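# Understanding the architecture of this molecule
Here's the letter readout for the chains.
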There are 2 protein chains.
Amino acid sequence: MTLAVTPQSADRLQYSLQLVQRLIERQRELEAPPRSDDGEPGAASARENLAELRDKLAQLHPADIARVLEALPLEDRLLAWRLIEPLRDGAILLEVSDAVLESLVEAMAPGQLVAILAALDTDDMAELAPHLPRHVVYEAMGRLDEEARGQLQEVLSYEEDRVGALMDFELVKIRADVSCEVVLRYLRRFDELPNQTDKIFVTDEAGRLRGVLPIRKLLVSDPEAMVADAMATEVVSFHPDEPALDAAQAFERYDLVTAPVVDERGALLGRLTVDAMVDVIREEGDSEVLNLAGLKEEEDLFAPVMDSVRNRWAWLAINLCTAFFASRVIGAFEHSIAQLVALAALMPIVAGIGGNSGNQTITMIVRALAMGQMRTGQAGRLWRKELGVSVINGMVWGSVIGAVAWLLYGNVSLGLVMLAAMTLNLMLAATMGVLIPTLMQKLGKDPALGSSVLITACTDSGGFLIFLGLATLFLL
Amino acid sequence: MTLAVTPQSADRLQYSLQLVQRLIERQRELEAPPRSDDGEPGAASARENLAELRDKLAQLHPADIARVLEALPLEDRLLAWRLIEPLRDGAILLEVSDAVLESLVEAMAPGQLVAILAALDTDDMAELAPHLPRHVVYEAMGRLDEEARGQLQEVLSYEEDRVGALMDFELVKIRADVSCEVVLRYLRRFDELPNQTDKIFVTDEAGRLRGVLPIRKLLVSDPEAMVADAMATEVVSFHPDEPALDAAQAFERYDLVTAPVVDERGALLGRLTVDAMVDVIREEGDSEVLNLAGLKEEEDLFAPVMDSVRNRWAWLAINLCTAFFASRVIGAFEHSIAQLVALAALMPIVAGIGGNSGNQTITMIVRALAMGQMRTGQAGRLWRKELGVSVINGMVWGSVIGAVAWLLYGNVSLGLVMLAAMTLNLMLAATMGVLIPTLMQKLGKDPALGSSVLITACTDSGGFLIFLGLATLFLL
């Protein structure tokens, strides 16, 4: 069954979204109980409006419906969802964000979910399965043939962030000892080649990958030429246990469209396609941003309040602990503050600039480690460089703010303590900014995780300690 | 000229990098002036070592050499760069980060740069040109033929973030009134099809796009079938003035490999390819992260100290201003702090949690606006939701920290003020978190720019004001 779906530019998608929103608003108005003073029969026009909404949705590409559903509040989203042709449900569920997927799955009966799942390709089933109730997955699995079930189990056996979990089994395989003419005839027997087919995989009788025949080579080859001569044997291939992000970076480096996945014996297991890799790259960027902002995962914009609270509480709690620790550092100097209250007003400046500068350093180091641009052995060299940057920044900005403090409070020593504290806290920020991610990496942990919270904790507590400590020593 | 270059997995790339680093270290040792007490002649083995390094580099893919160069300190980078076959320079320059590109360009003579530039395809020239001295670009342009010069000028006429700037002119065009058999014969006359060719563009005599013929359709079509019948006429196409990010998101939504660029009259100007779109998606994620961390642009890890200072000073200066403002808010309450010093220790907690929570809200809203998932008209609804989240978080965490303050200072009113201040500051954070990006969007500005700094400024100053204000009213 083909559906008339039109892909859209960003502007037209925005326009479609607004149209859907207007139709839904109108539907709500038409369905509202009629007020006694107007006798207009709303039922007929409500049906018409609903039909218009259904038509509009039917014209949209599944990926565009996904964007529309994500932009609708929960009750509107479910209204639209119920109007969508059930055959398209699977394609749409594959496109929505995890949070929205959850809200749609909750609204569906297990029977519906089984039907949707069973209609998908193996790799799409594998993508959806982790988000569905276990019994639904088992029941859908029961409907598969032997081969597909084996493939699904294989894909599901890998962690989500591994190449194996993103494998696609729809690919074209040929032997090396046939001519290009034969290959072209063989291809013509397909109804349609698998999506994104840019190369054909050449295997031997044992199923081992011997090479790949790029379509763009095949099309310009002499029909008489043998595949063995036309194929490329230097192939970028991936192992199913490799991190998906490594594969995505290789796709980016080598401008790949598809690439084979092979096991340690060289047997062709499946392929990776660029669209899955684009998702990996975007999700990586997303998770970095969410992490920096203190969110556990991407949120449904219209999630119930309690869902949002759950998504955010962990980082808030950690932040509370570090803030409390910093507060105790200040508490230790209460006697000094009581004697010179200006200290209370000035101390957040020292801590704040330190946090800002530390975040700059740690972000650079974390990225360099993730890209493989930095070995932990180079930490010393980078530390010296960061110290240089921090001393210059400390002297410059410390002088500025020190001078302001001097003018404001008429106390030159206070200005000098400001200058010294700023410089020392920036040096601390540089040191911890290099040390924290390097240590995390050496310990086999993800250097990005919590880096921003950790460095801010160091520069807050450290900044208060340095500033109030120096002030106590030299000013009181 | 073909070069034996092997694409590599992440592990092997890491290994290659270490090998290059070792060879360079060894070179430095061998070239060091011999100490008087050891008469070993180092010149011969230095030459051998250099040859080994040259060979190793020659075996690497240009994109891998780019990664290696990025991971080398400046002097080592230039040593490696000089050993690379000049014919490959262009391909490598296209792959390195902007900061590293600058360091390499600085080390090259204008004549070399002209030669490199003139050897590239038009779209690659256009990519490199903005990073090169103007006179180099003009000289290279002079060496192009009429058509290529026109194409280059066209591409360069668009802003960097527009579709037009990323156009590629290497594509296959056919007419609609020929058979698939003829198309296949036509294709066979090419030496090689353009990279990533997944579709052929069908144009009329006026050069207007009539449709596209996906290769995967062509290969399964009856050779007798006419292109007009086999081609797809519903095509996702882009206008050169469209934002590149919109096009990249469309590539992601519709799993595209290539797509046509057409002007308002429907004339085919060029095409976009997925590898350029992957770069756009990654750069978007990068710039969000850099922005959140307060870096102007991606840094060369081994940049001279002053380059790093320049890249970072702007955000530090802004941060200093907002911190100074917050400090003046505290200054206004110095009298209160002098009477109850505990306030100084507790106030950073209120400000810190507010900043954390505000960053969570603003990140969500900024992302929703960027993805077109949120209209500014929905701000009211989202504000109410965020207020709900902030009241719950404020009551919970405010109670926790209020109880601790009570126990610590034996003052129950102080605990209650803590609770009230926390809740109010989180509500302020939620309000500003929705308001700032929505306003920026309405004013036509990028809602992401500086969002983190702005929200932190609000929650710092606001937090101090709320907490110290309440304390002054109720505790003194």
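This is a predicted model, so every value here is computed, not measured.

### Comments concerning the environment of Asp191(A)
Among the structural elements, Asp191(A) can be located in the loop between α11 (180-188) and β2 (199-203). It is 44 Å that separates the C-alpha atoms of Asp191(A) and Ala44(A), two residues lying 147 residues apart in sequence.

### Remarks on a negative patch on the surface
Together, Asp98(A), Glu102(A), Glu106(A), Glu127(A), Glu159(A), Glu160(A), Glu283(A) and Glu297(A) give the surface a local cluster of negative charge. Mapped onto the fold, Glu102(A) is located in helix α6 (residues 98-106).

### A word on the relation of the copies chain A and chain B
Superposition of chain A onto chain B requires a rotation of 180° combined with a translation of 0.0 Å along the rotation axis, giving an RMSD of 0.1 Å. Such a combination of turn and shift is consistent with a two-fold rotation axis. No C-alpha of chain A approaches the rotation axis more nearly than that of Gly285(A), which lies at 2.3 Å. The overlap is high: 100% of the interface residues of chain A also sit at the interface in chain B, so the same surface is used on both sides.

### Overview of the UniProt feature "domain: CBS" (unreviewed entry) in chain A
Per the UniProt record, "domain: CBS" (unreviewed entry) is annotated on residues 231-287 of chain A. As annotated, residues 231-287 of chain A comprises 44% helix and 19% strand, and the C-alpha atoms at either end are separated by 39 Å.

### Regarding the interface of chain A and chain B
When the parts come together, some accessible area is lost, and that loss is often what is quoted as the size of the interface. Contacts between the two partners involve 127 residues from chain A and, on the opposite side, 127 residues from chain B. Where chain A abuts chain B, roughly 11500 Å² becomes buried across the two surfaces, and 64% of that area is made up of carbon and sulfur atoms. The largest share of the area that chain A buries against chain B comes from Arg216(A), Arg253(A) and Leu301(A), three residues that together contribute 7% of it. There are 14 salt bridges connecting chain A and chain B. Our count for the contact surface shared by chain A and chain B stands at 32 residue pairs in polar contact (both at pLDDT 80 or more). Broken down by element, the side of chain A that touches chain B gets its largest block of residues, 18 residues, from helix α18 (residues 342-370) of chain A.

### Quick look at the packing of helix α19 (residues 379-409) of chain B against helix α20 (residues 412-442) of chain B
Residues and elements named next belong to chain B. Contact geometry for α19 and α20: axes closest at 7 Å, N-to-C directions at 155°. With respect to α20, the axis of α19 lies roughly antiparallel. Handedness of the α19/α20 crossing: right-handed. When the residues that make up the contact of α19 with α20 are grouped by side-chain class, the tally is 20 nonpolar, 10 polar and one charged.

### A closer look at the packing of helix α4 (residues 74-82) of chain B against helix α6 (residues 98-106) of chain B
Residues and elements named next belong to chain B. Contact pair α4 / α6: the axes reach a minimum separation of 11 Å and the direction vectors enclose 65°. Classified by the angle their axes make, α4 and α6 are roughly perpendicular. Crossing of α4 against α6: the hand is right-handed. Residues Leu74, Arg77, Leu78 and Trp81 of α4 lie in contact with α6, whose contacting residues are Val100, Ser103 and Leu104. When grouped by side-chain class, the residues that make up the contact of α4 with α6 number five nonpolar, one polar and one charged.

### Thoughts on the UniProt feature "transmembrane region" (unreviewed entry) in chain A
Residues and elements named next belong to chain A. Here the UniProt feature "transmembrane region" (unreviewed entry) sits at residues 313-331, 337-366, 387-409, 415-436 and 448-475. Taken end to end, residues 313-331 has its terminal C-alpha atoms 26 Å apart, with 100% of it in helix and 0% in strand. Along residues 448-475 one finds 89% helix and 0% strand; the C-alpha atoms at either end are 40 Å apart.

### Things to note about the sheet that holds strand β3 (residues 209-214) of chain B
All names here are of chain B. Ordered by their spatial adjacency, three strands build an open sheet running β1-β2-β3, and the pairing between neighbours is mixed. Lying at the two open borders of the sheet, with one neighbouring strand each, are β1 (173-174) and β3. As paired strands, strand β2 (residues 199-203) and β3 are joined by five bridges and run antiparallel to one another. Paired with Phe201 across the bridge in β3 is Val212.

About the criteria used
- Residues numbered from 1 in each chain as written.
- Chains lettered and ligands numbered in written order.
- Predicted model: local features only at pLDDT ≥ 70, side-chain atom pairs only at ≥ 80, totals over all residues.
- Heavy atoms only, no water.
- Helix = DSSP H or I, 4+ residues; strand = E, 2+ residues; numbered from the N terminus.
- Patch = residues over 30% accessible without salt bridge, like charges linked within 9 Å, V, L, I, M, F, W, Y side chains within 5 Å.
- Areas by Shrake-Rupley, 256 points an atom, 1.4 Å probe, with all protein chains shown as cover.
- Salt bridge = Lys/Arg side-chain N within 4 Å of Asp/Glu carboxyl O.
- Lys, Arg positive; Asp, Glu negative; His and termini not counted.
- Charge placed at Lys NZ, Arg CZ, Asp CG, Glu CD.
- Least-squares fit on C-alpha atoms with pLDDT ≥ 70 in both.
- Contact = heavy atoms within 4.5 Å.
- UniProt positions renumbered as here; feature names shortened; annotations may be inferred.
- Buried area = accessible area lost by both parts, 1.4 Å probe.
- Polar contact = N/O pair within 3.5 Å; in protein donor to acceptor, adjacent residues only side chain to side chain.
- Axes fitted to C-alpha atoms, helices over the stretch in contact; angles between N-to-C directions.
- Parallel < 35°, antiparallel > 145°, perpendicular 65-115°, else oblique.
- Left-handed = near helix turned anticlockwise from the far one by under 90°.
- Nonpolar A, V, L, I, M, F, W, Y, C, P; charged D, E, K, R; others polar.
- Pairing = 2+ DSSP bridges.

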